[in-house]
Each structure stands twice: as C-alpha cells, then as structure tokens.
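# Observations on the model geometry
What follows is the residue order along each chain.
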Amino acid sequence: MSNPLRCWWPSTVLAALILSGCATAPTPKTAECSCPAGEKQAQTEKKDEKPALPLFVKSDFSSLPGWSTANHGRFLEAFSEQCSVNGNALAKRKATPTGLLEACRKARQNLSGNALLPAQIWMEANFDVWQLQQEDGKKEGLLTGYFEPLLKGARQAQGAYNAPLYGVPADLITVKLDEQYPELKGKRLRGRLQGNTLVPFFDRAEWERLGPDREKPIVWVNDKLDAFLLQVQGSGRVTLPDGSVIRLSYAEQNGHPYKSIGKVLVDRGELTAAQATIPGIRNWAKANPGKLDDLLNANPSVVFFKENKVLRPQEGPVGAMGVPLTGQLSLAIDREKIPYGSPIWIESSNPVTNAPIAQGTLAQDTGGAIRGRVRADYFWGTGEEAGTAAGLTRQPLKMWLIWPKGTPLPESGS
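Anyway, here's the lowdown on the structure attached to this text. These numbers come from a predicted model, not from an experiment. Each chain has its residues counted from 1, following the order in which its sequence is written. Given that this is a predicted model, residues contribute local features only at a pLDDT of at least 70 and side-chain atom pairs are listed and counted only at 80 or more, while totals for whole chains, interfaces and linings are drawn from all residues. Processing note: side-chain calculations cover all non-hydrogen atoms of the structure and skip hydrogens and water entirely.

### Points about the pattern of salt bridges
Counted as salt bridges are all cases of a side-chain nitrogen of Lys or Arg within 4 Å of a carboxyl oxygen of Asp or Glu. Inspection of every chain in the model, using the stated rule, returns 18 salt bridges. Residues Lys138 and Asp136 are paired through a salt bridge, measuring 4.0 Å at the closest nitrogen-oxygen approach. The shortest N-O distance in the salt bridge between Arg214 and Asp171 comes to 2.1 Å. Here Arg214, found in helix H8 (residues 204-214), pairs with Asp171, found in the loop between strand E5 (163-165) and strand E6 (173-176); they are 43 residues apart in sequence, far enough to count as distant. Burial classification: accessible surface area is computed with a 1.4 Å probe over protein chains only, and a residue below 20% of its type maximum counts as buried, one above 50% as exposed, and the rest as partly exposed. Judged by relative accessible area, which is 36%, Arg214 ranks as partly exposed. Given a relative accessible area of 26%, Asp171 falls into the partly exposed group. Counted as one network, the salt bridges with shared partners bring together Glu148, Arg237 and Arg247. Numbering of helices and strands runs from the N terminus; a helix is a DSSP stretch of H or I covering at least four residues, while a strand is a stretch of E covering at least two.

### As for helix H9 (residues 224-233)
Within an α-helix, residues lying three or four positions from one another point in the same direction, as the helix has 3.6 residues per turn. Buried residues dominate H9, accounting for nine of its ten residues. The N-cap residue of H9 is Asp223: its side-chain oxygen and the backbone nitrogen of Leu225 are 2.9 Å apart. Positive backbone phi, approximately 100°, marks Gly234, located one or two places after H9. Polar contacts, as used here, are pairs of N or O atoms within 3.5 Å; protein pairs need one atom able to donate a hydrogen and one able to accept it. Residues neighboring in sequence count only if both atoms are side-chain atoms.

### Focus on the nonpolar core
Nonpolar cores were defined as sets of buried Ala, Val, Leu, Ile, Met, Phe, Trp, Tyr and Cys residues, with membership established by side-chain atoms within 4.5 Å. Counting 69 residues, the largest nonpolar core has Phe79, Leu331, Met399 and Ile402 as the members making the most contacts within it. A per-element tally of this core places strand E17 (residues 394-404) first, with six residues. Leaving out residues up to four positions away in the same chain, Ile402 has contacts with Phe61, Leu64, Trp67, Phe75, Met123, Phe127, Asp128, Pro343 and Trp345. Core analysis: the next-biggest nonpolar cluster, separate from the first, contains 15 residues, Leu230, Val238, Leu248 and Phe305 among them. What makes two residues a contact is simply this: any of their non-hydrogen atoms within 4.5 Å.

### So, the sheet that holds strand E12 (residues 303-307)
Note: strands within a sheet are paired through backbone hydrogen bonds, in either parallel or antiparallel orientation. Reading across the sheet, the six strands line up as E5-E9-E4-E10-E11-E12 and stay open at both edges, with mixed pairing between neighbours. Both edges of this open sheet fall to E5 and E12, since each of them pairs with a single strand only. If you compare each strand with its neighbour and ignore which way they point, the axes differ by 45° on average. When DSSP finds at least two bridges between two strands, those strands are taken to pair. Note that strand E10 (residues 235-239) and strand E11 (residues 245-253) share five bridges and pair antiparallel. When the sheet's bridge partners are listed, Arg237 is paired in E11 with Arg247. To get an axis, fit a line to the C-alpha atoms, keeping to the stretch in contact for a helix; angles then go from 0 to 180 degrees between the N-to-C directions. The strands touched by H9 are strand E4 (150-154), E5, strand E9 (219-221), E10 and E12; relative to E5, the strand with the most contacts, the crossing angle is about 20°.

### Some details on the state of the cysteines
Linking two cysteines covalently through their sulfur atoms gives a disulfide. The criterion for a disulfide is a pair of cysteine sulfur atoms lying within 2.5 Å. Per the stated rule, a full pass over the model turns up one disulfide. Across the disulfide from Cys83 sits Cys104; the S-S distance is 2.2 Å. An S-S torsion of about -100° defines the bridge between Cys83 and Cys104 as left-handed. Of this pair, Cys83 sits in the loop between helix H4 (72-81) and helix H5 (89-92) while Cys104 sits in helix H6 (residues 98-112), placing them 21 residues apart in sequence. Neither Cys83 nor Cys104 differs from the other in exposure class; each is buried.

### Some points on the packing of H9 against helix H11 (residues 278-287)
The interhelical angle for the contact between H9 and H11, taken along N-to-C directions, is 155°, at an axis separation of 11 Å. The orientation of H9 relative to H11 falls into the category roughly antiparallel. Where H9 crosses over H11, the two elements pack in a sense that is right-handed. From H9, Leu225, Asp226, Leu229 and Gln233 reach across to H11, where they touch Ile278, Ile281, Arg282 and Ala285. In this classification, Asp, Glu, Lys and Arg are treated as charged, Ala, Val, Leu, Ile, Met, Phe, Trp, Tyr, Cys and Pro as nonpolar, and every other residue, Gly included, as polar. Residues that form the contact of H9 with H11 fall into these classes: five nonpolar, one polar and two charged. Any angle that falls under 35 degrees is termed roughly parallel, while one over 145 is termed roughly antiparallel, one within 65 to 115 roughly perpendicular, and all others oblique. By definition, any crossing whose near helix is turned counterclockwise from its far helix by less than a right angle is left-handed, and any crossing with a clockwise turn is right-handed.

### A short note on the side chain of Gln395
By the secondary structure assignment, Gln395 is in strand E17. Side-chain polar atoms of Gln395 contact the side chain of Ser349, separated by 2.8 Å. Other than its neighbours up to four places away in sequence, Gln395 contacts Gly141, Leu142, Leu143, Ser348, Ser349, Asn350 and Pro351.

### Topic: empty space enclosed by the protein
Cavity and pocket criteria rest on a 1 Å grid covering protein atoms alone: a 1.4 Å probe that fits but cannot get out defines a cavity, protein on both sides within 12 Å along at least 5 of 7 lines defines an open pocket, and an atom within 4 Å of a point defines a lining residue. Grid points are joined across faces, edges and corners, and a volume is the space filled by probe spheres set on the points. Within this structure, the stated rule accounts for one cavity of 30 Å³ or more. Quantified by volume, the largest cavity comes out at close to 50 Å³. Taken together, Pro164, Leu165, Tyr166, Trp207, Glu208, Gln231, Val302 and Val303 make up the lining of the largest cavity.

### Side note on helix H7 (residues 119-126)
Burial in H7 covers these residues: Ala119, Trp122 and Met123. Buried residues of H7, viewed axially, fall in a sector of 95°; they line one side. Where H7 is buried, its residues meet H4, H6, strand E2 (127-132) and E17. Note: the arc covers the axis-to-C-beta directions of the helix.

### A word on the packing of aromatic side chains
Centre distance within 6.5 Å is the pairing criterion for rings of Phe, Tyr and Trp, where only the six-membered ring of Trp is used; planes under 30 degrees apart are then read as stacked, over 60 as edge-to-face, and the remainder as tilted. Scanning the model with the defined rule gives 13 aromatic pairs in all. Relative to Phe202, the ring of Phe201 has its centre 5.2 Å away and its plane inclined at 70°; by these criteria the two rings are edge-to-face. Neither Phe201 nor Phe202 differs from the other in exposure class; each is buried. Taken together, a centroid distance of 5.5 Å and an interplanar angle of 80° make the contact between Trp207 and Phe304 edge-to-face. Within this pair, whereas Trp207 is found in helix H8, its partner Phe304 is found in strand E12, the two being separated by 97 residues in sequence. Assigned by exposure class, Trp207 and Phe304 land together as buried. Members of the aromatic cluster, joined through ring pairs, are Tyr166, Phe201, Phe202, Trp207 and Phe304. Charge over a ring is defined by NZ of Lys or CZ of Arg lying within 6 Å of the ring centre and within 35 degrees of the ring normal. Positioned over the ring face of Trp130 is Lys58, at 5.6 Å from the centre of the ring.

Below is the structure:
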C-alpha cells in the first residue's frame, strides 16, 4: 500500500542535487593515468569483478510450482480488474508497458466473451515465463509481509486513547526532484521553510514533542506501539467508541529515513534476531514500558495520514499503484525492477503453518525497504490474524515474471 516502508526517501538526496549540478562539466582528457598506487589497485580489483547476470532468465509454465492446480480464474480476473472501466489503473500510469496494458484488455475480453477460453489455457497462450535471479545467478531471495491494522480509537484524547495519528502538517513541503532532474526519477525532498531556507522537517522525537501544539490529530488510538506499527504498514482501520470505522491511508512522510526498531533491539542486545518479530517486539514493549518511547524515537521517520472515505468496507487499503490491495494476492516489489500490474508467480512458505506458498500475485505496491532483484512484501490482509502472519514473515522466496508474449522485458532486466 502507499506505505512508509514503500514510499520513504531520505533527505540526503540533496547530495544528488549537488552532483547533478556538476553533471554537464566536461571530462578532462589525459594521455595516461597518474593514479596513486591505491587507486590503481582498486581499478584492477574492479576489472576482476564479474559482471552482473541478467535479471530475467527464460523459463516456462511447467517450471512454476503449483501451476497445474492453481485457481487460474481468480488470478486472471484479478489481473484484468487492473484495467477495468471504473479504475483502469494500468492506463493511468505513464510507465505501464503498452504490451502489459493490451494483455490486460485482452484478458477482460476473454473473461466476458462468448468464446471463453479456460484461464490456464488463455494465459499459457498469451504469456511467457521469466525467472528472476540475483546478480550472481542465485534464484533465491527474501519475502517479508505486511497487513492492514485494525485498531481502536477516538476523535478526542480521552482515557486510554492517548496516541495521536496526524494528517499532513500545513508547513510540510514536498519537492518532486525528477521534475527538474530526470535522473532522480521517483525521488522527493521533504522539509519546511525556516525564513527563506528549506530545512529538514522534524524527526520523530521532535514531532512527538512539538506536534500536539502544531496540528490537530485525525484520531487518537489506545496503544502507542500500535500507532507506530500503523505508520509502518501505511494504512489501517480504526473503530471508534460508537462502533463506526474510519480508514486511514498514507498521505505523506517527514522525509527522514526509516530505521527498523527490530534491528535496534537486536543491536542493543535486547532481543535476538529470531525474536525481533512483531509479536516479539510487543512482548518486549509490555515488559519494558519505560523504554518504549526511546525505542520508537530511534526511527526518525513519521508517517502522516488522510481519512479515506471512498473505499468500500470489503475493499483493502490502496497500494502505491492506486488500486485496493487484496489479501494474499497483492505484492509489493521494487518498482525499478518490475512494473506495477505485472503478474508475478512466487514460491515461499507460510511462517505460521509452514504450508508452502506457490501462487500468482500482482505487483501492486512498493516501498523504500523493498529493494533488490528477488525481493517482495506479501500483503496478508486485514486484522489480527493477518498481522500475526505478517509479523513473522521472513521467508526464502523465488519469483517468476509472467510477461505478455512479444512485449520487451522491463528495461532493468537488460
């Protein structure tokens, strides 16, 4: 979803602006290198490095684990819904490959036409399969999980409802860097004006101290750790005292980089790596209430929300692609490797039941922590059960791109 882990960019991109300002300077021509010995050694070592292998390796449907027994109709219907008349999220994105959009439209025609082909046969006739691999040729990567929290809260601070969740501050400024510097595609700079100077926005510790006097929260929830985790997930639902439910969607972020509190606890020797799951962090917080604020402030990033009044109750939160996410079907990927809307077959396992996961998913979300070739974040759904699974998910992963025949592979695969 439009999730902080999926959308954050560090304020250090200012350095990229400085570098890009020098990019047009001519390169001096020299007859020979007069590099110091250390630099010569570094250059020699660089020459010895093996070039990265292609991202995509040709495969076939028979190689997909679970393909022959999968629910292809559900998979194809979900794929075709991305170019529905009402939403047409694929067409709205300029970066969508033409072939992917055309395949989506053809899928809709097949599903609604009189000469309906079985979904499996239709997909095998219209798509090719490409397995993703690491730079060194290894096929295995990492699957993590996320979910939509369901919290309890109130419009006003009262009793146990003392953890605020904010809308976008009035003085938060966001600059889209790629509008001036195309090489910084997708990157943004966030800050606030101090006089005539753009300075970094407040980090978490500063905002915890200053925020209540600067902005009115959208809602107050009854658990500070839950409020923090909702920011990590990027959206969620809050049940009010009268039984009504409001939905919060990611709106902005303060510009500071995300830092995992699980890793902080491991680095401090408070938990082992195996214990640093969401359930493990909850248990630590209950046992160490006096240390919780310091732990949360170790992550300088703050996420700001908007109240979403458009989504229907049965719909999931909206992902970065702009469509509601579907539990155990939507996937967050590195958008520099895979275009939004792409069908992705995955092989992994359920951390709760140890049952294999071998299924089709759709690349509908992304995030700052989701970087790399064989790397994805699995959307488990809404509520406590989904949260338990998401918090434990750190599984081996294999990925296959199911790509329209005759369509050039994504550029990053070259």
